[in-house]
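Residue strings, one per chain:
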Amino acid sequence: MLVFPAFDENPYLNLLALAARADGFRFLGSGTYRELSERAAGLRAGDVLHVHWTTPLLQQEPSASVASRRLRGLVALLGRLRGRGVRIVWTVHNRLPHELRHPALEVRLYRALAAAADAIHVMSPATPEVVADVVTLDRQKVRVIPHPSYEGVYETGVTREAARASFGLEDDERAALFLGQIRPYKGVSELVDATALAARGDGPRLRLMLAGAVKEQSRDEFVASIPDGLPVISQLDYVADGDLARWFRAADVAVFPYRSILNSGSVHLAATFRVPVVLPDEPHLRDQFGEQAWVSFFDRRRPVESIAELLASRTAQPAPSAYDAFLAGISPWDVSRSYAALLSELSGDDRRSRPISGADAAA
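Residues numbered from 1 in each chain as written. Predicted model: local features only at pLDDT ≥ 70, side-chain atom pairs only at ≥ 80, totals over all residues. Heavy atoms only, no water.

A.B. asks: Which parts of the structure should I look at to understand the overall build of the protein chain?
C.D. replies: Helices and strands together make up the secondary structure of the protein chain, namely 17 helices and 12 strands. In terms of its C-alpha atoms, the protein chain occupies a principal-axis envelope of roughly 65 × 45 × 35 Å. For the protein chain, buried positions account for 53% of its 363 residues. Accessible area for the protein chain stands at about 15900 Å²; split by element, carbon and sulfur atoms hold 49% of it. Once the 42 positive and 44 negative side-chain charges of the protein chain are each reduced to a mean point, those two points are 7 Å apart. (Helix = DSSP H or I, 4+ residues; strand = E, 2+ residues; numbered from the N terminus. Buried < 20%, exposed > 50% of the residue type's maximum accessible area, 1.4 Å probe, protein only. Areas by Shrake-Rupley, 256 points an atom, 1.4 Å probe, with all protein chains shown as cover. Lys, Arg positive; Asp, Glu negative; His and termini not counted. Charge placed at Lys NZ, Arg CZ, Asp CG, Glu CD.)

A.B. asks: Even after reading the chapter, I still don't get the packing of helix 9 (residues 188–199) against helix 14 (residues 303–312), so can you show me in this structure?
C.D. replies: Here helix 9 crosses helix 14 at 50°, and the two axes come no closer than 8 Å. As summarised for this structure, helix 9 and helix 14 are arranged oblique, according to the angle between their axes. By crossing handedness, the relation of helix 9 to helix 14 is classed as right-handed. Judged by residue contacts, Glu190, Leu191, Asp193, Ala194, Thr195, Leu197 and Ala198 of helix 9 engage Pro303, Val304, Glu305, Ile307, Ala308, Leu311 and Ala312 from helix 14. (Axes fitted to C-alpha atoms, helices over the stretch in contact; angles between N-to-C directions. Parallel < 35°, antiparallel > 145°, perpendicular 65-115°, else oblique. Left-handed = near helix turned anticlockwise from the far one by under 90°. Contact = heavy atoms within 4.5 Å.)

A.B. asks: Explanation requested: the sheet that holds strand 3 (residues 48–51) in the structure shown.
C.D. replies: Think of a sheet as strands paired side by side through backbone hydrogen bonds, with each pair either parallel or antiparallel. As summarised here, the arrangement of the 6 strands in space is 2-1-3-4-5-6, forming an open sheet in which the pairing is parallel. A strand with exactly one partner marks an edge of an open sheet, and here the two such strands are strand 2 (28–29) and strand 6 (142–144). In this fold helix 6 (residues 103–116) packs onto strand 3, strand 4 (87–91) and strand 5 (119–122), with an angle of close to 135° to the strand it touches most, strand 4. (Pairing = 2+ DSSP bridges.)

A.B. asks: Is there a simple way to explain the sheet that holds strand 11 (residues 277–280) in this structure?
C.D. replies: Here 6 strands make up an open sheet; going across it, the order is 9-8-7-10-11-12 and the pairing parallel. This sheet does not close on itself; its edge strands, each paired only once, are strand 9 (232–235) and strand 12 (295–298). The mean inter-strand angle of the sheet, taken between neighbouring strand axes irrespective of direction, is 25°. In terms of strand pairing, strand 11 meets strand 12 through 4 bridges, oriented parallel. Directly across from Pro280, in strand 12, lies its bridge partner Phe298. The sheet contacts of helix 14 involve strand 7 (173–179), strand 8 (205–211), strand 10 (253–255), strand 11 and strand 12, and relative to strand 12 the element is tilted by about 145°.

A.B. asks: Please clarify how the pairing of strand 8 should be interpreted in this entry.
C.D. replies: Note on strand geometry: in a regular strand, side chains alternate between the two faces of the sheet. Judged by how many residues are buried, strand 8 sits mostly within the fold: 6 of 7 residues are covered. In this fold, the crossover linking strand 7 to strand 8 by way of helix 9 has right-handed handedness. Note that strand 8 and strand 9 share 4 bridges and pair parallel. Its bridge partner lying in strand 9, Ala211 is registered against Gln235. With helix 10 (residues 219–224) bridging strand 8 and the parallel strand 9, this β-α-β connection has right-handed handedness. (Right-handed = clockwise from strand over helix to strand, strands pointing away.)

A.B. asks: What's the story with the pattern of salt bridges in this structure? I'm lost.
C.D. replies: Pairing between side chains of opposite charge can happen when their charged atoms approach one another. Applying the stated criterion across every chain, the model contains 22 salt bridges. For the salt bridge of Arg337 with Asp23, the shortest nitrogen-to-oxygen distance reads 2.9 Å. Taken as a pair, Arg337 in helix 16 (residues 332–347) and Asp23 in the loop between helix 2 (18–22) and strand 2 lie far apart in primary sequence, 314 residues in all. On the basis of relative accessible area, Arg337 is assigned to the partly exposed category, the value being 31%. A salt bridge links Asp118 to Arg87; the shortest N-O distance between them is 3.4 Å. Taken together, the residues span a long stretch of sequence, with Asp118 in the loop between helix 6 and strand 5 and Arg87 in strand 4 at a distance of 31 residues. Residues joined in a network through salt bridges with shared partners are Asp172, Glu173, Arg205 and Arg207. (Salt bridge = Lys/Arg side-chain N within 4 Å of Asp/Glu carboxyl O.)

A.B. asks: Just to check I follow, could you spell out the packing of aromatic side chains for this structure?
C.D. replies: Describing an aromatic ring pair means giving the distance of the ring centres and the angle of the ring planes. Applying the stated rule across the entire model yields 12 aromatic pairs. Ring centres 5.1 Å apart and planes at 65° place the aromatic pair Trp294 and Phe326 in the edge-to-face group. You can see Trp294 sitting in the loop between helix 13 (283–289) and strand 12 and its partner Phe326 sitting in helix 15 (residues 324–328), a full 32 residues away along the chain. An identical accessibility class is assigned to Trp294 and Phe326; each is buried. (Phe/Tyr/Trp six-rings, centres within 6.5 Å; stacked < 30°, edge-to-face > 60°.)

A.B. asks: For this particular structure, what's the right way to read the side chain of Arg207?
C.D. replies: Residue position: Arg207 is located in strand 8. Of the polar contacts made by the side chain of Arg207, one reaches the backbone oxygen of Gly168; its length is 3.4 Å. Of note is the side chain of Arg207, whose polar atom sits 2.9 Å from the side chain of Glu173. When residues no more than four places from it in sequence are discounted, the contact partners of Arg207 are Phe167, Gly168, Leu169, Glu173, Arg174, Ala175, Ala176, Pro231, Val232 and Ile233. (Polar contact = N/O pair within 3.5 Å; in protein donor to acceptor, adjacent residues only side chain to side chain.)

Take a look at the structure:
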């Protein structure tokens, strides 16, 4: 099967494929429009094309005319693949890509993928409603396979005491963590302002923890936006997998102040480390996480003030057992088994022992 785009370091893609690889499915990756076109030419009946994030197809092209030609080429490619008996899976990761250069073309691409797909994979059951103003998803094609937890994937042996000591955190300090790429749509500037506002009150002493590479603006520009005197621990760069536990174990709460979000693997990562989270009060997020004692929601109409109020509150930490029921049904292996079952349904069990096709050999 051919995956687009494929990133070797992407934990989600690796976890999703665990069981299918164990069953003998062979994966070929493509990362660019050209690679997708070239490697798809080798697919034949019973093979599967799985499209994930669509940003590299059109939105990274500065020229609208080139992006339009690419769209026509993609629509034609999807038609040829279907004509050859290739099965197509599309995962809806976002309502639309977060950085849009050619919005009208992206909407047309979404609609072409929805029409061509044999299965439309969603992680949130509310996805069809959330994207309804962009694309209509055929309910007969929709398959809900949740985002996996990261249980057993990352080192979790570091204790809270050791993690906090490594950052110089005092016992009476409340550490609020944002970990991930720092991009405008993630609302980190609102979190900075909210922490500064909360720190001026009579609530707990606060320390803001920021970990992740700065994108779409310079690092110096972002650092300059942090108010003087705000206690911050930062690593404005990639955090190695082996160091994730230290950041999460040290935190009292993980805040994800997104301006717009459909799915977030960061929530599942925080839950894996038993760290409570703060999310925007999107209706689909309330439906998905509203019953979890470790999830709080901020008001998107007043994000700075609302997040500040949550940070200043003196609520007790949920017990580690509060996360168990949520995590029990989304272990990496269980989720990957569901994905492997989908691939088997689409391609037939005989795919497990088939020899490498021409497309695989080109990898």
